[in-house]
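Reading the structure
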Amino acid sequence: MRAERLLSVLMLLRSKGRMTASELAVELEVSERTILRDIEALSLSGVPVYSERGRNGGFALVSGYRTDLSGLTLPEAIALLSGGGRIDSAAAVSAKRKLAASLPEVHRGGVAEASQRILVRPEGFVRPPQQIDALAPVQEAVFEGRRVRLLYERREGSSAERVLDPIGLIVAGDTWYLVAYSDGVERMYRVSRMSAVVVLDDPAQREPSVDLEAVWDRHRDAFRSTFDPLDVVIDCAAGDAERVSAFAEVLGRVESGKGIRVGLRFADRNHAMRVLWMGYLESTFSVVEPEWIREELHDRVGVVSEMTAAGDG
């Protein structure tokens, strides 16, 4: 345990620079006294760690000291740390190989076995995997902080040239988004709609750091605000509840005389009718409220029955 903590102290000082004993203690969930003992142990073992007093003081490593325990190159480290398992490249494969080799022998077998039991395939059974030729040069522009020129396909099918200042990449589900400034305005672009990507020599005009989690929340909330949410209550069997509620926000569920009563929130009226009609054909449930949903589903069933009868005739 102490060996792991000493390595953690070393990595924190390497990645964050100067840190106080209290900051290290909070990060590693130990006492400041323990941190002071660890610093002393590192110093005695030859690690060039020093302390500075004063308002901005703390512990730090001598400038230029290397703690490359894995042998990772910069591209490999970027692929491993930024991809979250979603960047498929030679650098990512090499990085994972080096990381496995750097593990103690006692852990390698367990890690290898665990890696065989997890597979990420975001395209699912039905949709084919996306071939996103633009992803590699867009990643390059993001990582190197350079402007990018490309053709972007609009929703109606036409394309327009864009010169963007890349901020970061977000992958949501199986869709990659580029967050970038366009004429100083922050926007999100689907990478799958990009073509003819050219990474320019001009540096991207962007802030030195970014909180992509906050960016995602902001754009998602803005998108959701364009809808008029609709709440629906249905009675159904347990299995049908799981099937229908997979496409909506579940507000609550209780046991009822007819099985389970589920409250669902849909993005809007069209979303509710689309999901419920699909579920109506595959499941057995009844809409409790609102009444107009129940009536419209009943009318659709009547139309389909008439069309079927006419076809048989």
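Read on for an overview of the structure. All values reported here derive from a predicted model rather than from experimental measurement.

Regarding its fold elements, the protein presents eleven helices and eleven strands. When the 313 residues of the protein are sorted by exposure, 31% land in the buried category. Expressed as a percentage of contacts within the protein between residues at least 6 apart in sequence, the contacts between residues at least 24 apart total 55%. Just so you have it, the protein exposes about 20,400 Å², and 52% of that area is on carbon and sulfur atoms.

Turning our eyes to something else, we now look at the side chain of aspartate 165. Take aspartate 165: it is sitting in strand S4 (residues 159–172). For aspartate 165, a relative accessible area of 7% corresponds to the buried category. From its side chain, aspartate 165 meets the backbone nitrogen of glutamine 205 in a polar contact 3.0 Å long. Discounting chain neighbours no more than four positions away, the residues touching aspartate 165 are Arg147, Ala180, Tyr181, Pro203, Ala204 and Gln205.

We now examine the packing of aromatic side chains. Per the stated rule, a full pass over the model turns up three aromatic pairs. On the basis of an interplanar angle of 50° and a centroid distance of 6.2 Å, the ring pair of tyrosine 177 and tryptophan 216 is categorised as tilted. Here tyrosine 177, found in strand S5 (residues 175–182), pairs with tryptophan 216, found in helix H8 (residues 212–224); they are 39 residues apart in sequence, far enough to count as distant. A relative accessible area of 17% means that tyrosine 177 is categorised as buried. According to the relative accessible area criterion, tryptophan 216 is partly exposed, its value standing at 24%.

Among the secondary structure elements, arginine 37 is positioned in helix H3 (residues 32–44). Put simply, arginine 37 and leucine 6 are 31 residues apart on the chain and 10.0 Å apart in space, counted from C-alpha to C-alpha.

Attention shifts here to helix H9 (residues 238–245). The set of residues buried in H9 consists of Asp240, Ala241, Val244 and Ser245. When H9 is viewed along its axis, its buried side chains cluster within an angular range of 120° and face the same direction.

On to the packing of helix H2 (residues 21–28) against H3, then. At a minimum axis separation of 8 Å, H2 and H3 run at an interaxial angle of 105°. On the basis of their axis angle, the class for H2 and H3 is roughly perpendicular. Between H2 and H3, the contacting residues are Ala21, Ser22, Leu24, Ala25 and Leu28 on the first element and Glu32, Ile35, Leu36 and Ile39 on the second.

The five strands lie next to each other as S6-S5-S4-S3-S7, forming an open sheet whose pairing is antiparallel. The sheet is open, and its two edges are formed by strand S6 (185–190) and strand S7 (194–203), each paired on a single side. Here the average twist between neighbouring strands, direction ignored, is 45°. Here six bridges tie strand S3 (residues 146–153) to S4, and the two strands are oriented antiparallel to one another. By the bridge assignment, leucine 151 is partnered in S4 with glutamate 161. Across the face of the sheet, helix H7 (residues 135–144) comes into contact with S3, S4, S5 and S7 while running at roughly 75° to S4.

Cut-off values and rules
- Residues numbered from 1 in each chain as written.
- Predicted model: local features only at pLDDT ≥ 70, side-chain atom pairs only at ≥ 80, totals over all residues.
- Heavy atoms only, no water.
- Helix = DSSP H or I, 4+ residues; strand = E, 2+ residues; numbered from the N terminus.
- Buried < 20%, exposed > 50% of the residue type's maximum accessible area, 1.4 Å probe, protein only.
- Contact = heavy atoms within 4.5 Å.
- Areas by Shrake-Rupley, 256 points an atom, 1.4 Å probe, with all protein chains shown as cover.
- Polar contact = N/O pair within 3.5 Å; in protein donor to acceptor, adjacent residues only side chain to side chain.
- Phe/Tyr/Trp six-rings, centres within 6.5 Å; stacked < 30°, edge-to-face > 60°.
- Arc of directions from axis to C-beta.
- Axes fitted to C-alpha atoms, helices over the stretch in contact; angles between N-to-C directions.
- Parallel < 35°, antiparallel > 145°, perpendicular 65-115°, else oblique.
- Pairing = 2+ DSSP bridges.

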